[in-house]
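# Architecture at a glance
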Amino acid sequence: MRKFLRAVPPNLWAILFSMFFLLPIYWLIQSTTKDNGQLIQGTFVPGNPNHFADNMSDVFSFNNGIMGQWLLNSTVYSAVGSLLSTLFCAMAGFAFRRYHFIGRKLLFMIILGFSLVPAFTTTLPMFMEFKNLNILNSIWAVIIPSCVNVFGVYLMVVYWNQVPEEMFDAAVIDGAGEASIFFRIGLPGIRPGLITLVIISFVAIWNNYFLPLVMLSDSSRFPLILGITTINSLQGFPIYNLRIMGAFLTALPLLVIFSVLQRFLAPQLTGAIK
Amino acid sequence: MRKRHSVRAYLFLSPFLVFFIMVIVYPVISGVILSFFGQRGAKMWFVGIKNYASVLADQKFWGSFGMPVFLLLVQIPLMIILGIFIAFLFERVKGSSVYRLIFYLPYALPGVIAGILWSYMFSKSMSPFVPLFEALGFGKVELITNGSLPFILLVIILWEWTGYTALLLYSTLVSLPPEYAEAAQIDGATRFQIAIHIKIPLLKDTIILLLIFNSIGAIQVFNEPKMLGGLITLPPNFTPAMYIYNEAFSYGAFTYAIAMGLVLAAVIFIISFFFMKSSVKELAVNA
Amino acid sequence: MKKRRQKTLVLSAIFTFFFLSIPIFGEGPEGYPAYSGPPVELTMWAWTSNENYSIDLFQKAYPSIKVKWTNVGGGGDEYTKILTATSAGSGLPDVIMSEYTYAPEFMQFGSFQEINKWIPKATYLKYFPAVTLKWTAQDGKIFGTPQDSGACTMVYRKDVFDKYGLSVPKTWAEFATMAAKLHKADPKIQPISFPSNWVLGPVGLVWEAGGKLFDYADGKWYIDFTNPIASKVFNYWGKMIKDGVVTPDLWWNADWYKELSDGGAATVVSGGWFPEWLQLNSPDAAGKWRVATLPQWDASKPMNGEMGGSGFYVSSQSKNPEAAALFVLWLNSHKDSILQLHDKSQLPVLWANSFITGLGPSLAGQESPYFGGQKITPVSLEAMNQVSKNPNNAFTALPIMDFISSSQQTELKKFLDGEEDMNAFLKNWQDAVVAFMGKQGFSNVVVGQLPK
């Protein structure tokens, strides 16, 4: 087994896996060049003649250019949600890591326990709660749930656990207060974890379709992922080539975010202690 | 020795807890209350434990656990092993950041779109796999049959989540203090030995985390099976979450859906109680 | 003296008459009821967008009513929202679009409110055929108005028919012969694309034969899947499926679109809206399809059924039911609105009387380039006409359509796997449906019979 693993160079593995992961993505990209007729033929090569530009302009002129609004909405929901939820998770993880507070183990299990309940069974109660709070059909109905990420708390705990106790002790000796320890010493120490969590949350909120569907009734507040499911012809039938272009455009910003944030994931030097 | 500092702790916890209570605790608790009611539209009437009795007696509900068990036993270990392998690849390979981007893409793609893509991948008339299999000498293969369903689902889930898993493991890897590996290298260990004996144990926490949340995900799996519905007729109880959706949610029998969801949560909790307790202990008590 | 009193009497009578008759004849446009409420803005959920044009015209006719339309996603998504908002007591718009087969579920669920006050039955029947009440009303309460008609038509591939020397079948017996002939000549082509996952298809075929599987009357739900007409229809198709002449297809997916485009299916039986769907989703096959009325069980007594179609209903949470009622009335019946709905949607067939007698026939001469220059409106109108000739020309769907669909698919699978025959299929399907009705809390179910 070891011989086999050693025999195949890492680059080859990487390429093989890439092909597997890229295959449907490639299909998506080459589909954006097609009109409806070509899509139905279902070939794996770009459309000839190429309709990429047509699809692009059609999708942006759909319904008076509502795509732009949807894009803006998604950006706001995802940026606010991912940043806030990551901050809250980092703070919570910090608390679990640093303090032996009353109810620590119990709280740890309780949070996990509540998250076992599947999402759409709490849809109606949450809908009723938001109705009472009068935030239905507003951006808050989407942003508030986006600020909660149970997985993120536990992920942060894992990262915080890797920060050596000595770092905290050194800061205390230097006379730093808790808030200072958190922001100036702690956060930089778990930077890869923070970046990862921001990326994951951003994507999750960006692609969250069900929550906005239930909470929002005004299409000018829809995120992109929901909006593209309403791209219908006048008769109410889906316009496939525009939906596919819409899907492509939905995925594109996520690529950008990842590329930008990825450089912060590079291995860092932790030599601050000695 | 860490001090108690409970006040400070809860201060740091408070933003999360406030939203957590609003978004999860309150809906679950009011859901529990609702689950004791029958419902049609806005009309609700008290029925005691009738909903729960129905759920417990519902054979189709219990029959729906087959697929999650399959995923638990096959998909999760496979995905974690692959994830670890790929995370190490990221470390070793040149141009790693490009690969990281590529492997992350499936996760970034909206689920509904991935569903359409896979419906072409596995379609009878347009799949690229069919000519491939023919060329390999398997003859005209029918990709989607009842028997192949679990494996098709496996492929789709692995495609969607392995990159994400690898990314998580990788970011843990890069935050490992390099001193351990360096010391071992000085001692003459090979890269492979370092990987197996040093790094993986240090990844333990992340792996446990992944195991817990992937297991929860496997039992609640909904999106990926839904994608398959366009390709083949699925039984309504293909997975527990699908069953809840088909039985109750699409008819507005919300209180019944809540009862089913709570029973599901209870089942997960009971099954995993001991495992979770010990692994949560691992995570909580550390360094 | 007498003359003056007479004159005064006559004059006062005339004035009184006018005074009293203003509400009757209405200040509303062209005989439509007047609006007596304050200025208001209505909200509407619909997944078609052709209404926008009608809305502009409506707002000119009723200046104090504004309408805001939102597309919240097709069918299933919108229905999820309707169910959620109804249960929570808030969040519904004023006007809701719903397919006819899902409307009973929402009626039962309390999502709609009755509008008899502003559209009493007499007014309704002025604008729409009585048959549509089966889909827009229940227990004497009218909830909305019908828009398009799903009167079945058959589209067929002229190129395939010409190639194999087939003639358009006029009876189901002829169809069976045609199918066998085609299958022998080229087994790769389906004589018909028979849906395995669209229950409205088989239900519509039973309807066309003059039968039905369920209905609602006198406060009770009637369920009978094993009645003679249903058995006849299902066994007819069952035989062709068993013989391998026809293989059921999954509709609405990539393989199916390709099959339709490539000529893999020689005919498709579907609702009156299907020809326009075909134009959007099978552009490469332009010129190759034609439209015809369905083959008949008895050529001397032509009948037809329905597959699909949607109506517009007033929600139970609407604070402006009068305005909403006037809107749905005007939208689906006024000739200007009908013209817009029809024009922007190419060729839907609409239930409004003004379409059946006015706009529809006026388009009789229009040639459709997609259908090779065929004049398809007369075909659609004839299809609708045959629905009204059907002695059993309408019935109400059960409030569990999704389950009827999924249980049909489950049983069909067993049939295809050879586990049961068609009669067992019908019985098991019926049993599952009856059980599910009970589970959803409907105790007013009558099994084994149908209302007259």
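The rules behind the values
Residues numbered from 1 in each chain as written. Chains lettered and ligands numbered in written order. Predicted model: local features only at pLDDT ≥ 70, side-chain atom pairs only at ≥ 80, totals over all residues. Buried ≥ 20, exposed ≤ 12 C-beta atoms within 10 Å, placed from the backbone. Helix = DSSP H or I, 4+ residues; strand = E, 2+ residues; numbered from the N terminus. Pairing = 2+ DSSP bridges. Domains from an automatic or database assignment. Contact = placed C-beta atoms within 7 Å. Nonpolar A, V, L, I, M, F, W, Y, C, P; charged D, E, K, R; others polar. Axes fitted to C-alpha atoms, helices over the stretch in contact; angles between N-to-C directions. Parallel < 35°, antiparallel > 145°, perpendicular 65-115°, else oblique. Left-handed = near helix turned anticlockwise from the far one by under 90°. Arc of directions from axis to C-beta. Core = buried A, V, L, I, M, F, W, Y, C linked by C-beta atoms within 7 Å.

### Some remarks on the pairing of strand β12 (residues 310-314) of chain C
Residue and element names in this part refer to chain C. With five of five residues buried, β12 is to be regarded as a mostly interior element. Of the two faces of β12, both are covered, the one formed by Ser 310, Phe 312 and Val 314 as well as the one formed by Gly 311 and Tyr 313. Here strand β3 (residues 95-99) pairs with β12 via five bridges, running antiparallel. The partner of Met 97 across the bridge, within β12, is Phe 312. Alignment of strand β6 (residues 144-146) against β12, held across three bridges, turns out to be antiparallel. Within the sheet, the bridge partner assigned to Thr 145 lies in β12 and is Phe 312.

### Observations regarding the domain arrangement of chain B
How big an interface is tends to be expressed through the accessible area that disappears when the partners come together. Split by domain assignment, chain B resolves into domain 1 (1-29) and domain 2 (65-202). Centre-to-centre, using C-alpha coordinates, domain 1 of chain B lies 35 Å away from domain 2 of chain B.

### So, the interface of chain A and chain B
Taken together, the contacts link 82 residues of chain A with 86 residues of chain B. Broken down by secondary-structure element, the contributors of at least two residues to the side of chain A that touches chain B are α2 (10-31), α5 (66-98), α6 (104-114), α7 (123-132), α8 (140-146), α9 (150-161), α12 (191-206) and α15 (240-262) of chain A. Of the residues forming the side of chain A that touches chain B, the biggest block, 13 residues, is contributed by α2(A). Of the residues assigned to the side of chain A that touches chain B, the class counts are 57 nonpolar, 18 polar and seven charged.

### A short note on the packing of α5(A) against α9(A)
All names here are of chain A. Running from N to C, α5 and α9 cross one another at 50°; their axes reach a closest spacing of 8 Å. Of the possible angle classes, the one that applies to α5 and α9 is oblique. Between α5 and α9 the crossing geometry is right-handed. Contacts from Ser 85, Thr 86, Cys 89, Ala 90, Ala 92, Gly 93, Phe 94, Phe 96 and Arg 97 of α5 reach α9 at Gly 152, Val 153, Met 156, Val 157, Tyr 159, Trp 160 and Asn 161.

### Brief notes about the sheet that holds strand β11 (residues 289-292) of chain C
Residues and elements named next belong to chain C. Reading across from one edge, β10-β7-β11 is the order of the three strands in this open sheet, with antiparallel pairing throughout. In this open sheet, the two strands that pair with only one neighbour each are β10 (267-270) and β11. Strand-to-strand twist across the sheet, computed as the mean angle between neighbouring axes with direction ignored, equals 25°. Helix α12 (residues 274-281) contacts β7 (153-157), β10 and β11 of the sheet and is inclined by roughly 35° relative to β7.

### A short note on the pairing of strand β2 (residues 43-46) of chain B
Pairing between strand β1 (residues 37-40) of chain B and β2(B): four bridges, direction antiparallel. The partner of B:Phe37 across the bridge, within β2(B), is B:Phe46.

### Comments concerning unusual backbone geometry
A positive phi is found at A:Asn137, a non-glycine position, where the angle reads about 65°. With respect to the helices and strands, A:Asn137 occurs in the loop between α7 and α8. Classification of A:Asn137 by C-beta neighbours within 10 Å gives partly exposed; the count is 15. At C:Asp218, a position not held by glycine, the phi torsion is positive, near 50°. Among the secondary structure elements, C:Asp218 is positioned in the loop between β8 (214-217) and β9 (220-223). Residue class for C:Asp218 comes out exposed when judged on the 9 C-beta atoms lying within 10 Å of it.

### Quick notes on helix α11 (residues 178-189) of chain A
For α11(A), the complete set of buried residues consists of A:Glu178, A:Gly186 and A:Gly189. Buried residues in α11(A), looked at end-on, bunch into an arc of 45°, giving them a common side. α11(A) presents A:Ala179, A:Phe183, A:Arg184 and A:Pro188 as exposed residues on the side facing more than 90 degrees away from its buried surface. Turning to α11(A), the residues buried within the fold contact α5 and α10 (165-173) of chain A together with α1 (6-34) of chain B.

### Remarks on the nonpolar core
Membership of the largest hydrophobic core comes to 297 residues, with the highest contact counts inside it found for A:Ala92, A:Met156, B:Met260 and C:Phe327. For this core, the element with the highest residue contribution is helix α8 (residues 149-174) of chain B, accounting for 13 residues. In contact with A:Met156, not counting residues within four places along its chain, are A:Cys89, A:Ala90, A:Ala92, A:Gly93, A:Gly193 and A:Leu197.

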